[in-house]
There are 2 protein chains.
Amino acid sequence: MRSSVLPVAPTRGRLRPLGLDEVRVTGGFWARRRRTNATATLGHCHEWMERVGWIGNFRAAAQGRVHRDRRGREFADSDVYKLLEAMAWEAGHSADGGLDALIDTLTAVIAPAQEPDGYLNTAFGRPGQQPRYSDLEWGHELYCSGHLIQAGVAQTRARGEGDLAKTALRAADHVCTAFGPGGIERVCGHPEIETALVELARATGEQRYLDQASLFIGRRGQRTLAETEFGHAYHQDDLPVREASVLRGHAVRALYLACGAVDVAVETADDDLLAAVVRQWEATVARRTHLTGGMGSHHRDESFGDDFVLPPDRAYAETCAAVASVMLSWRLLLATGEPRFADLAERTLFNVVAASPSDDGRAFFYTNTLHRRRRGSAPPAHVQSPRADSGLRAPWFAVSCCPTNVARTLAVLPAYLATADDDGVQLHQYADAEIATTLTAGRAVALSVRTDYPSGASVTVRIDRSPPGPWTLSLRVPEWTRGATAWLTGPDGARRAVAPGTATLARLFRPGDLVRLDLPMAPRWIGPDPRIDALRGAVAVQRGPLVYCAESVDLPDGREVDAVRVDPSARPEDGPDGAVVAAGELTRPPDGHADDAWPYRPLDQDAPAPVAERTGIVLVPYHSWANRGPSTMRVWLPTTTAPPPPPPAPPSGKQP
Amino acid sequence: MRSSVLPVAPTRGRLRPLGLDEVRVTGGFWARRRRTNATATLGHCHEWMERVGWIGNFRAAAQGRVHRDRRGREFADSDVYKLLEAMAWEAGHSADGGLDALIDTLTAVIAPAQEPDGYLNTAFGRPGQQPRYSDLEWGHELYCSGHLIQAGVAQTRARGEGDLAKTALRAADHVCTAFGPGGIERVCGHPEIETALVELARATGEQRYLDQASLFIGRRGQRTLAETEFGHAYHQDDLPVREASVLRGHAVRALYLACGAVDVAVETADDDLLAAVVRQWEATVARRTHLTGGMGSHHRDESFGDDFVLPPDRAYAETCAAVASVMLSWRLLLATGEPRFADLAERTLFNVVAASPSDDGRAFFYTNTLHRRRRGSAPPAHVQSPRADSGLRAPWFAVSCCPTNVARTLAVLPAYLATADDDGVQLHQYADAEIATTLTAGRAVALSVRTDYPSGASVTVRIDRSPPGPWTLSLRVPEWTRGATAWLTGPDGARRAVAPGTATLARLFRPGDLVRLDLPMAPRWIGPDPRIDALRGAVAVQRGPLVYCAESVDLPDGREVDAVRVDPSARPEDGPDGAVVAAGELTRPPDGHADDAWPYRPLDQDAPAPVAERTGIVLVPYHSWANRGPSTMRVWLPTTTAPPPPPPAPPSGKQP
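Residues numbered from 1 in each chain as written. Chains lettered and ligands numbered in written order. Predicted model: local features only at pLDDT ≥ 70, side-chain atom pairs only at ≥ 80, totals over all residues. Heavy atoms only, no water.

Regarding the relation of the copies chain B and chain A
Between the two copies of the chain lies a relationship made up of a rotation around an axis and a movement along it.
Move 1: Between chain B and chain A, the superposition needs a rotation of 180° and an axial shift of 0.0 Å, giving an RMSD of 0.0 Å. Taken together, the rotation and translation relating the two chain copies correspond to the operation of a two-fold axis. When C-alpha positions in chain B are compared against the rotation axis, the closest is assigned to B:Arg300, at 1.9 Å.
Move 2: The overlap is high: 100% of the interface residues of chain B also sit at the interface in chain A, so the same surface is used on both sides. (Least-squares fit on C-alpha atoms with pLDDT ≥ 70 in both. Contact = heavy atoms within 4.5 Å.)

Quick word on the side chain of A:Thr639
Residues and elements named next belong to chain A.
Move 1: Looking at the element boundaries, Thr639 is found in the segment after β23 (637–638).
Move 2: On the basis of relative accessibility, which here comes to 11%, the residue Thr639 falls in the buried class.
Move 3: Setting aside chain neighbours within four positions, we find Thr639 in contact with Gly537, Val539, Arg565, Val566 and Pro568. (Helix = DSSP H or I, 4+ residues; strand = E, 2+ residues; numbered from the N terminus. Buried < 20%, exposed > 50% of the residue type's maximum accessible area, 1.4 Å probe, protein only.)

A closer look at the interface of chain B and chain A
Move 1: Between chain B and chain A, the contact holds 89 residues from the first and 89 residues from the second.
Move 2: Roughly 7500 Å² of surface becomes buried between chain B and chain A when both sides are summed, with 53% attributable to carbon and sulfur atoms.
Move 3: Inspection of the region where chain B meets chain A yields eight salt bridges.
Move 4: The salt bridge partner of A:Asp533 is B:Arg373, with a shortest N-O separation of 2.9 Å.
Move 5: Linking chain B to chain A there are 21 residue pairs in polar contact (both at pLDDT 80 or more). (Buried area = accessible area lost by both parts, 1.4 Å probe. Salt bridge = Lys/Arg side-chain N within 4 Å of Asp/Glu carboxyl O. Polar contact = N/O pair within 3.5 Å; in protein donor to acceptor, adjacent residues only side chain to side chain.)

Considerations on the packing of aromatic side chains
Move 1: Summed over the entire model, instances satisfying the criterion amount to 44 aromatic pairs over all chains.
Move 2: For the pair A:Tyr316 and A:Tyr366, a centre-to-centre distance of 6.4 Å together with 70° between the ring planes defines the contact as edge-to-face. Residue A:Tyr316 is found in the loop between α11 (271–287) and α12 (319–336), and its partner A:Tyr366 is found in the loop between α13 (339–353) and β3 (371–372); the two are separated by 50 residues along the sequence.
Move 3: Relative accessible area serves as the criterion here: at 4%, A:Tyr316 is assigned to the buried category.
Move 4: Ring centres of B:Trp30 and B:Phe350 lie 5.3 Å apart, and the angle between their planes is 35°; this geometry places the pair in the tilted category. (Phe/Tyr/Trp six-rings, centres within 6.5 Å; stacked < 30°, edge-to-face > 60°.)

Brief notes about the confidence of the model for chain A
Atom-level detail of predicted coordinates should not be read off regions where pLDDT is low.
Residue and element names in this part refer to chain A.
Move 1: When pLDDT is averaged along chain A, the result is 94; 97% of the residues meet or exceed 70.
Move 2: Counting contacts from residues 652–656, a segment whose pLDDT is below 50, to residues more than four positions away or on other chains yields twelve contacts.
Move 3: Predicted complex metrics record ipTM = 0.91 and pTM = 0.94. (pLDDT = per-residue confidence, 0-100.)

As for the pairing of strand β8 (residues 458–465) of chain A
Regular strands have side chains that alternate between both faces of the sheet.
Residues and elements named next belong to chain A.
Move 1: In terms of strand pairing, strand β7 (residues 443–451) meets β8 through six bridges, oriented antiparallel. Among the inter-strand pairings, Thr451 is bridged to a residue of β8, identified as Val459.
Move 2: Connecting the antiparallel pair β7 and β8 is a turn made up of six residues.
Move 3: As paired strands, β8 and strand β13 (residues 514–518) are joined by five bridges and run antiparallel to one another. Paired with Ser458 across the strands is Asp518, a residue of β13. (Pairing = 2+ DSSP bridges.)

Here's the deal with the sheet that holds strand β12 (residues 501–507) of chain A
Residue and element names in this part refer to chain A.
Move 1: Spatial strand order, β1-β4-β5-β9-β12: five strands in an open sheet with mixed pairing. The open sheet has two free edges, formed respectively by β1 (16–17) and β12, since each of these has just one partner strand.
Move 2: As paired strands, strand β5 (residues 424–427) and strand β9 (residues 471–477) are joined by four bridges and run parallel to one another. Of the residues in β9, the one forming a bridge with Val425 is Leu473.
Move 3: α13 rests against β9 and β12 of the sheet, and its axis sits at about 50° to β9. (Axes fitted to C-alpha atoms, helices over the stretch in contact; angles between N-to-C directions.)

A word on helix α14 (residues 401–412) of chain B
Residue and element names in this part refer to chain B.
Move 1: Across its twelve residues, α14 extends 17 Å between first and last C-alpha, which sits within 8% of the 16 Å expected from 1.5 Å per residue.
Move 2: Taking burial as the measure, the twelve residues of α14 include twelve buried ones, the bulk of the element.
Move 3: Among all positions of α14, only Cys401, Cys402, Pro403, Thr404, Asn405, Val406, Ala407, Arg408, Thr409, Leu410, Ala411 and Val412 are buried.
Move 4: Those residues of α14 that are buried are in contact with α1 (29–51), α4 (76–91), α6 (141–159), α10 (251–267), α12 (319–336) and α13 (339–353). (Expected span 1.5 Å × (residues − 1).)

A look at the environment of B:Ile463
Residues and elements named next belong to chain B.
Move 1: Note that Ile463 resides in strand β8 (residues 458–465).
Move 2: The sequence separation of Ile463 and Ser448 amounts to 15 residues, and the corresponding C-alpha distance is 6.7 Å.
Move 3: Dropping the residues within four chain positions of it, Ile463 is found in contact with Ala446, Leu447, Trp471, Phe509, Arg510, Pro511, Gly512 and Asp513.

A look at the packing of α4(B) against α6(B)
Think of two packed helices as two axes; the pair is described by the angle between the axes and how far apart they sit.
Residues and elements named next belong to chain B.
Move 1: Running from N to C, α4 and α6 cross one another at 15°; their axes reach a closest spacing of 8 Å. Viewed along their axes, α4 and α6 adopt a mutual orientation that is roughly parallel. For the pair α4 and α6, the sense of crossing is left-handed. Where α4 abuts α6, its residues Asp77, Ser78, Tyr81, Lys82, Leu84, Glu85, Ala88, Trp89 and Ala91 lie against Tyr143, Cys144, His147, Leu148, Gln150, Ala151, Ala154, Gln155, Arg157, Ala158 and Arg159.
Move 2: Each residue belonging to the contact of α4 with α6 can be placed in one class, and the counts come to eleven nonpolar, four polar and five charged. (Parallel < 35°, antiparallel > 145°, perpendicular 65-115°, else oblique. Left-handed = near helix turned anticlockwise from the far one by under 90°. Nonpolar A, V, L, I, M, F, W, Y, C, P; charged D, E, K, R; others polar.)

Here's the deal with the environment of B:Gly361
All names here are of chain B.
Move 1: Position of Gly361 among the secondary structure elements: in the loop between α13 and β3 (371–372).
Move 2: Measuring from C-alpha to C-alpha, the distance between Gly361 and Asn37 comes to 6.2 Å, with 324 residues separating the pair along the chain.
Move 3: Aside from chain neighbours lying at most four places away, what touches Gly361 is Thr36, Ala40, Thr41 and His44.

A word on the sheet that holds strand β1 (residues 16–17) of chain B
Whether parallel or antiparallel, the strands of a sheet pair through hydrogen bonds between backbone atoms.
Residues and elements named next belong to chain B.
Move 1: Ordered by their spatial adjacency, five strands build an open sheet running β1-β4-β5-β9-β12, and the pairing between neighbours is mixed. Of all the strands in the sheet, the pair left with one neighbour each is β1 and β12 (501–507).
Move 2: Where strand β4 (residues 418–421) and strand β5 (residues 424–427) come together, four bridges link them in antiparallel fashion. Residue pairing in the sheet places Thr419 in a bridge with Gln426 of β5.
Move 3: Packing against the sheet, α13 makes contact with β9 (471–477) and β12, and its axis sits at approximately 50° to β9.

Topic: the pattern of salt bridges
All names here are of chain A.
Move 1: According to the stated counting rule, one finds 103 salt bridges over all chains in the structure shown.
Move 2: Of the charged contacts, one joins Asp173 and Arg208 as a salt bridge, the two residues approaching to 2.5 Å between their closest N and O atoms. In this pair, Asp173 is assigned in helix α7 (residues 163–179) and Arg208 in helix α9 (residues 207–219), connecting sequence segments 35 residues apart.
Move 3: With relative accessibility at 26%, the residue Asp173 sits in the partly exposed group.
Move 4: Each of the salt bridges in this network shares a partner with another, and the network as a whole consists of Arg157, Glu199, Arg202, Asp263, Glu267 and Arg331.

Below you can see the structure in the form of structure tokens.
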């Protein structure tokens, strides 16, 4: 295995990932967000977890008073670990050692809470607490262990094995002992340990971690967890992983589990298991995913809905589910090389992951609704939000899994841009970047990418270094170009139309050669599958990979977005500052309308027609909404199309 | 106050209720359900509550072991009380004394658990339990007391004050002491005590119970309850009752509170408070009520949604919310005399309350969705269902508030049929019935009603007894007749068209006189307000007061309801056995369609058209669904109307 700073390092698969030491993002959309993440979000999360006592829980545990003093939910430890993971990846491409020192300081708080046998959790197992592993349905103990392990792997890969990594190894050894053959033959209510153990096996070369992950994947669906009010599917414990046809239940749980299943499938060459997850991904993307890439339809249990249940105003679309979806797509892309996985990752990164943090990186959306009907109010700055859904981003939540998940995702984002194989380099996501790697037989390749993506139409790749023989440069042509035309221009100036999928140039490259991809960036109307009941009669706008929305701050006279109707027979046009302008109208009830009537009426009876004023409707990228104060917002906009014709009147009451 | 078997006995108001001793239902739709309720449901609930230990909790409390042995949720006591209330009302018009004996037997189990100061709750206050009133947000202690008081009032009115009523009085006195001036100046997280205390004040003439209810109504909205993850609105503690503009938060809580507010307003002549509740009712009916009359859009917190958030496939529409809505409409009807309140009660009774119990009265819907996408499976017969939502009715639930609420509603249903005032008798709901009452000055009136309602078009009222002078017979002309014509025929044969609202005949009646109301019963298409996003492009069928639905058991070839499209330009027709047949089609994806594609597509790109086969679609009354085995079901049906025209294609990528 190559030594590299890799978030995911499979030993097999179609494509070889490039590490954070091989890809640098140098400018543009993601560089700005990554800078904010490094300079603001990491510190913000650290401050909050000191303030709300989640870091203090480890001190309390080491001092024997955690049964009395513990703060936060049962899974609070995991957010400290996710922050450490983010810090470790970030330290991997940072010149100064400040983050390393911070990681050591935090590790010095955490490690003393570890028990002699390696068990480490501040919520269970000490006198006055519930026994270890007594509540696998809700206790999140192995989930927390998994995040500790991922933090340890990040430290090892980014900076070399330190105390954090050693603490994680001891925890992993404990998990293998406690849950191995002859141990507790059950699973954790929240998957995460599976993918973590496989990555640890990859980082250490130790087979036993992979074996334990395989055991967990095999046990899932055997109903070793008790049924709760949400049913066995909530925990993905209704069906074995390889028998399920679609993702279901709690969305983050389902997606983390699928990541672990892909990891196990790849490392054990289990093609059936891999094919099962691919099938589940296909069905989930075709029937259970919002236009933004967001996943999860139910607030009650944070779960997927039934097929085609995708209500925009009740979209849960948890930020963490988006992070997990990107993790899954990345693993499937590496395993198969198919661009459809990068397509979904792009959609999800631009329209959910990028939507969560505020411009200053100090407030977050936990859920990412596609329709907000009431203006939000600013959450108090120093109180954690008790609710997941909010009309404005909140600085912290009672359940605050999302901020640290955004942080660790932005920290590794450069690794998602490109891969290599024996034959060349593949570009999957477009950003200003410097890429340098070595193909087989020591053939060094270096590229720089320049683009204004996602607003600009062109991506230019400059060959900075190239080996003597021919090799292949591949570029993903996004699925959103279908029905329009993308163009690829080679170093020789030859230009050809390319279809959605992968465009390749196999040739001898010379330093200074330019390759250019031109994408059809005109904004377009998007319509839903007719089986999505909640979207019938509504359309959305997408421009490149970005989904757009109407936001009330852009409407005249204090109007709200529910007054908007759009006319899909007219083409939406580019507006100023990245906005799009669509033909449409603002409606209001007719004058004198009391508006307190029963809202269902016989079709054979005339209804008062609303008053409509024709106007251009300004739409903005969805990821940017709610950065200009409280507003209402919607992605899916009803059309101005006339209602169905009235039926004939019924016969009147017969003469008695 | 007249002595009568009255569920609600206001001392003021526009209309005077008639008691269960004045109105008898003698046949038809409701008589069948009432018979099943008396002969099956009451015993079913009693057996289950013995089986699951909720009755045993009282024994355990009396024996000092309840801290160890208690079963069920914190509010389990309340279901025993609601069963007792149902038994007491039923005993009020039953010839044999079996129910009285059963009430006495159960009371002998309950009363010993009462503490010397009158406190009675099996979940709190004893050694090893949480202290009394230490968890007003979730503890439901006053909610349970309220249901005990309502059971005591029922016994007093139906059979005279017995041990149950005495136990309830002691509990009420304790509540007034504990929560009166100088006591705990807070409210219960679940309203119910308010309406119960007013009714106790009416039954006993004791002012202090009314005063205590007024205190509770005034305290609500002062944020004396802690904020939970669901926000202050969940407990209606966000705004004072008289300041709120619409019902919000947990639907059953909101509706019980509104009932209590009307009761207090009526007894204290507080017209402003009454007007506030009427305004809230209007806004709730216009913007937050499903076509069936069901209320509640969110599963997460069993709450109302924002205005016009009425997703049919996620309708919560809890049976208990329907019961509470009928209670509220009845109180508002008595206070104002306005038929719109009886209209909503009719809709809710036929389409939610009647939908909950199975034909045999031994299984129940807790939620009443308007669209079921997957076939349900039969719940095991002897296990309480952990989930509220189900595709088939379940015999019992871990939270089983609904069965006993249906039982007490069916027990008092005859009282909802008619009222009197100084000038005459008003008929509000139509069923075969015998009505006998006495107007002012001892003027005895007796009527019999004969009808096949809700399937038949005619209601015939025979005057059986009439005083010498003129008086007024009023009949509600349902709101669902608007746009069609209803006819009223007087004893003289004179026939006139009558509009939705109230039709009156003021005259000298003679025994044997017949009055006939003929209603336009042809099935009709109903369309939604365009602001209800979840229903755009869909229509429903209503016939008389009954909402109809498509159910998969009526479709050919094992097809599911999501394949159905209907054509609203053709009139739906009456079919056999109460069914309706609508013109429509069954759709399926085109041959060779893989059906695993991204479900959103550019409108400028051709979409594969589904294959549609024209056919008649059989629709059945919604209340009857899921009585023929597992099925999918939907009320709102997409139309065959063509989608909006495609927009022009975007310009293709420009030459670089």
